[in-house]
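Secondary and tertiary structure notes
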Amino acid sequence: SQQGEEDPQALSIQEGENATMNCSYKTSINNLQWYRQNSGRGLVHLILIRSNEREKHSGRLRVTLDTSKKSSSLLITASRAADTASYFCATGSQAGTALIFGKGTTLSVSS
Amino acid sequence: EAQVTQNPRYLITVTGKKLTVTCSQNMNHEYMSWYRQDPGLGLRQIYYSMNVEVTDKGDVPEGYKVSRKEKRNFPLILESPSPNQTSLYFCASSLSGGQGARSPLHFGNGTRLTVT
């Protein structure tokens with residue numbers, strides 16, 4: 001049961017530019033999380049934002065959440081080649097116990 | 001170092017030959033889960049466990065079994081693997097499960113399984 005849908009599916013930028021990825025979901029959530037996956041490796045948790053929060057920062061990452069539009073965005077500022085990875089949003093619904101992942105955005109940062 | 005350890009990293013097997021993928025975490029996490037990742041389908045949950053001796057089906061449980069006899073271990077068992085189970089498998093754990101999935105997941109590095 002896919003809940004989150006990331007947009008765009010793929011994004012290519014130059015080092016130093018900002019990268020923005022969006023996530024839309026369908027049902028009421030308790031929280032939304034973003035994860036990064038380097039090629040074929042395990043996912044790494046980046047940030048968790050609760051349904052009563054609107055914005056959260058962690059280093060070069062900024063996440064926003066708009067529960068009225070059922071959407072979230074992840075902004076990576078001043079991108080580096082090492083940011084090249086796939087990024088997934090995952091939602092924890094109020095009714096369920098599982099994190100439901102979207103299909104991800106593949107980010108490519110070239111130097 | 002806090003981690004989730006999966007073994008093996010790569011596995012090639014033949015149809016029908018029973019196999020087990022092990023998963024162990026050293027963070028005293030209550031919640032553990034198995035996902036499979038397939039191109040175009042994203043991550044899908046196979047089974048999860050809220051605590052010792054408590055397991056439940058995820059979205060795609062058919063053809064898989066799990067057990068949770070100890071808090072740290074959560075093996076995934078394929079009794080009779082088939083080619084459609086060729087996939088990348090991830091074990092994950094979090095401090096707690098429960099309503100709303102409030103805790104971040106810690107993932108293992110994955111097991112790439114090929115069934116011929």
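A disulfide bridge is the covalent bond that connects two cysteines by way of their sulfur atoms. Residue and element names in this part refer to chain A. Overall, the coordinates contain two disulfides over all chains when judged by the stated rule. A disulfide bridge connects Cys-23 with Cys-89, and the sulfur atoms are separated by 2.0 Å. Note on the Cys-23 and Cys-89 pair: the S-S dihedral is about 65°, so by sign convention the disulfide is right-handed. Pair noted here: Cys-23 is in strand S3 (residues 19-24) and Cys-89 is in strand S9 (residues 85-93), with a separation of 66 residues, a long-range link. A relative accessible area of 1% places Cys-23 in the buried class. Accessibility expressed as a relative area gives 0% for Cys-89, which makes it buried.

This next bit is on the environment of Leu99(A). Turning to its location among the elements, Leu99(A) is positioned in strand S10 (residues 99-101). In the structure, Leu99(A) is positioned 68 residues away from Asn31(A) in sequence and 9.4 Å away in space, judged by C-alpha atoms.

On to the sheet that holds strand S1 (residues 4-7) of chain B. Residues and elements named next belong to chain B. Spatial ordering of the open sheet is given by S1-S3-S8-S7, a layout of four strands whose pairing is antiparallel. On the outer flanks of this sheet lie S1 and strand S7 (65-66), each paired with one strand and no other. Of the pairings in the sheet, the one linking S1 to strand S3 (residues 19-25) comprises four bridges and is antiparallel in character. Residue pairing across strands places Gln-6 opposite Cys-23, the latter belonging to S3.

Let us look at the pattern of salt bridges. For the coordinates displayed, the defined rule picks out six salt bridges over all chains. With a closest N to O distance of 3.9 Å, Glu53(A) and Lys56(A) form a salt bridge. Relative accessible area serves as the criterion here: at 23%, Glu53(A) is assigned to the partly exposed category. Residues Glu55(A) and Arg62(A) are paired through a salt bridge, measuring 3.1 Å at the closest nitrogen-oxygen approach. Using a relative accessible area of 41% as the deciding quantity, one classes Glu55(A) as partly exposed. Salt bridges sharing common partners tie together Arg36(B), Asp38(B) and Arg44(B).

Moving on: the layout of surface pockets. Roughly 490 Å³ of internal volume is contained in the largest pocket. In terms of lining, the largest pocket is formed by 25 residues, of which the most central are Ser86(A), Phe88(A), Lys103(A), Thr106(A) and Gln37(B). Those elements that place two or more of their residues in the lining of the largest pocket are strand S1 (5-7), S9 and strand S11 (105-110) of chain A together with strand S4 (31-38) and strand S9 (87-94) of chain B. For the lining of the largest pocket, a count of residues per class yields six nonpolar, 14 polar and five charged. For the second largest pocket, the lining is made up of 14 residues, of which Leu43(A), Val44(A), Leu105(B), His106(B) and Phe107(B) are closest to its centre. Of all the elements in the fold, those that place two or more residues in the lining of the second largest pocket are strand S5 (43-50) of chain A together with strand S10 (106-107) of chain B. No other element matches the three residues that S5(A) contributes to the lining of the second largest pocket.

Cut-off values and rules
- Residues numbered from 1 in each chain as written.
- Chains lettered and ligands numbered in written order.
- Predicted model: local features only at pLDDT ≥ 70, side-chain atom pairs only at ≥ 80, totals over all residues.
- Heavy atoms only, no water.
- Disulfide = S-S within 2.5 Å.
- Helix = DSSP H or I, 4+ residues; strand = E, 2+ residues; numbered from the N terminus.
- Buried < 20%, exposed > 50% of the residue type's maximum accessible area, 1.4 Å probe, protein only.
- Pairing = 2+ DSSP bridges.
- Salt bridge = Lys/Arg side-chain N within 4 Å of Asp/Glu carboxyl O.
- 1 Å grid on protein atoms, 1.4 Å probe; cavity = no way out; pocket = protein on both sides within 12 Å on 5 of 7 lines; lining within 4 Å.
- Points joined across faces, edges and corners; volume = space filled by probe spheres on them.
- Nonpolar A, V, L, I, M, F, W, Y, C, P; charged D, E, K, R; others polar.

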